[in-house]
Amino acid sequence: KAGVTQTPRYLIKTRGQQVTLSCSPISGHRSVSWYQQTPGQGLQFLFEYFSETQRNKGNFPGRFSGRQFSNSRSEMNVSTLELGDSALYLCASSLAWGTQETQYFGPGTRLLVL
Amino acid sequence: AQSVTQLGSHVSVSEGALVLLRCNYSSSVPPYLFWYVQYPNQGLQLLLKYTSAATLVKGINGFEAEFKKSETSFHLTKPSAHMSDAAEYFCAVSDQGGKLIFGQGTELSVKP
């Protein structure tokens, strides 16, 4: 079974631009979560989607948004990019939504904002 | 609120030596705990998961972790380190709705 895939793998943008990242979960998984990883802040939860609905949201500004499609694929969007948005963005999928679920991670999208 | 603390941002061991990576958690409810490993330029790979079925959890690549409620700990061990174990290791606790709260990570170096 194929794992979680994320596209693109690398991205360079300039301040003020916007970016859209894509995540395809493991086949049959219906929940997708997004995390930001930076050297200073570590791994931080952005949001989680299940059945096309956002179920949980982390403490990020409104510039960070996401959505999930009927086939469980998910996208996250960051508008008005700032230098501090440079990070590795990780997507994880799980079968369902809940505390007991195991999340499986993709390889990540590395975003560099200049 | 749930939280995780990993003691030691960097651990160095010799090949063949015992690996011990420390993790302490804070949780108001019985926790679901995880260990993940991250190799350079890659995502996170699940090593093992604690679900209350057994206090000693065996994972992949020879790793195991023991849940100790009295110490609120979930330390990761491997009897004999291999060069390929060099990576960053993250302990995490599952919060409401499945949100993972991670520790700051421990970078493991293995010396030949």
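Residues numbered from 1 in each chain as written. Chains lettered and ligands numbered in written order. Predicted model: local features only at pLDDT ≥ 70, side-chain atom pairs only at ≥ 80, totals over all residues. Heavy atoms only, no water.

## Section: a nonpolar patch on the surface
Taken together, the side chains of Ile12(A), Leu112(A) and Leu114(A) define a hydrophobic patch exposed on the protein surface, amounting to about 300 Å² of accessible area. Within the element layout of this structure, Leu114(A) appears in the segment after β11 (109-113). (Patch = residues over 30% accessible without salt bridge, like charges linked within 9 Å, V, L, I, M, F, W, Y side chains within 5 Å. Areas by Shrake-Rupley, 256 points an atom, 1.4 Å probe, with all protein chains shown as cover. Salt bridge = Lys/Arg side-chain N within 4 Å of Asp/Glu carboxyl O. Helix = DSSP H or I, 4+ residues; strand = E, 2+ residues; numbered from the N terminus.)

## Quick notes on the interface of chain A and chain B
The accessible area lost on association of the parts is a frequent measure of interface size. Contacts between the two partners involve 24 residues from chain A, matched on the other side by 20 residues from chain B. Across the chain A/chain B interface, buried area totals approximately 1700 Å², and carbon plus sulfur atoms make up 51% of it. Looking only at chain A, the three residues that lose the most surface to chain B are Leu43(A), Thr99(A) and Phe105(A), adding up to 31% of its buried area. Connecting chain A to chain B are zero salt bridges. Our count for the chain A to chain B interface comes out at six residue pairs in polar contact (both at pLDDT 80 or more). Within the residue set of the side of chain A that touches chain B, elements represented by two or more residues are β4 (31-38), β5 (42-50), β9 (87-94) and β10 (104-105) of chain A. The element best represented in the side of chain A that touches chain B is β5(A), accounting for four residues. The residue inventory of the side of chain A that touches chain B, partitioned by class, reads nine nonpolar, 11 polar and four charged. (Contact = heavy atoms within 4.5 Å. Buried area = accessible area lost by both parts, 1.4 Å probe. Polar contact = N/O pair within 3.5 Å; in protein donor to acceptor, adjacent residues only side chain to side chain. Nonpolar A, V, L, I, M, F, W, Y, C, P; charged D, E, K, R; others polar.)

## Here we look at the packing of aromatic side chains
Following the criterion strictly, the structure yields 14 aromatic pairs over all chains and no others. When the ring of Phe34(B) is compared with that of Tyr36(B), the centres are 6.1 Å apart and the planes differ by 25°; the resulting orientation is stacked. Neither Phe34(B) nor Tyr36(B) differs from the other in exposure class; each is buried. Ring geometry for Phe90(B) against Phe102(B): centres 6.3 Å apart, planes inclined by 85°, an arrangement best described as edge-to-face. Of the two residues, Phe90(B) sits in strand β9 (residues 87-94) while Phe102(B) sits in strand β10 (residues 100-102), which places them 12 residues apart along the sequence. According to the relative accessible area criterion, Phe102(B) is buried, its value standing at 7%. Here a set of aromatic residues connected by ring pairs shows up, and it is made of Tyr35(A), Phe45(A), Phe105(A), Phe34(B), Tyr36(B), Phe90(B) and Phe102(B). A cation over an aromatic ring shows up here: Arg55(A) above the ring of Trp97(A), its NZ or CZ 5.7 Å from the ring centre. (Phe/Tyr/Trp six-rings, centres within 6.5 Å; stacked < 30°, edge-to-face > 60°. Buried < 20%, exposed > 50% of the residue type's maximum accessible area, 1.4 Å probe, protein only. Lys NZ or Arg CZ within 6 Å of the ring centre and 35° of its normal.)

Just geometry here; none of it tells us what the structure is for.
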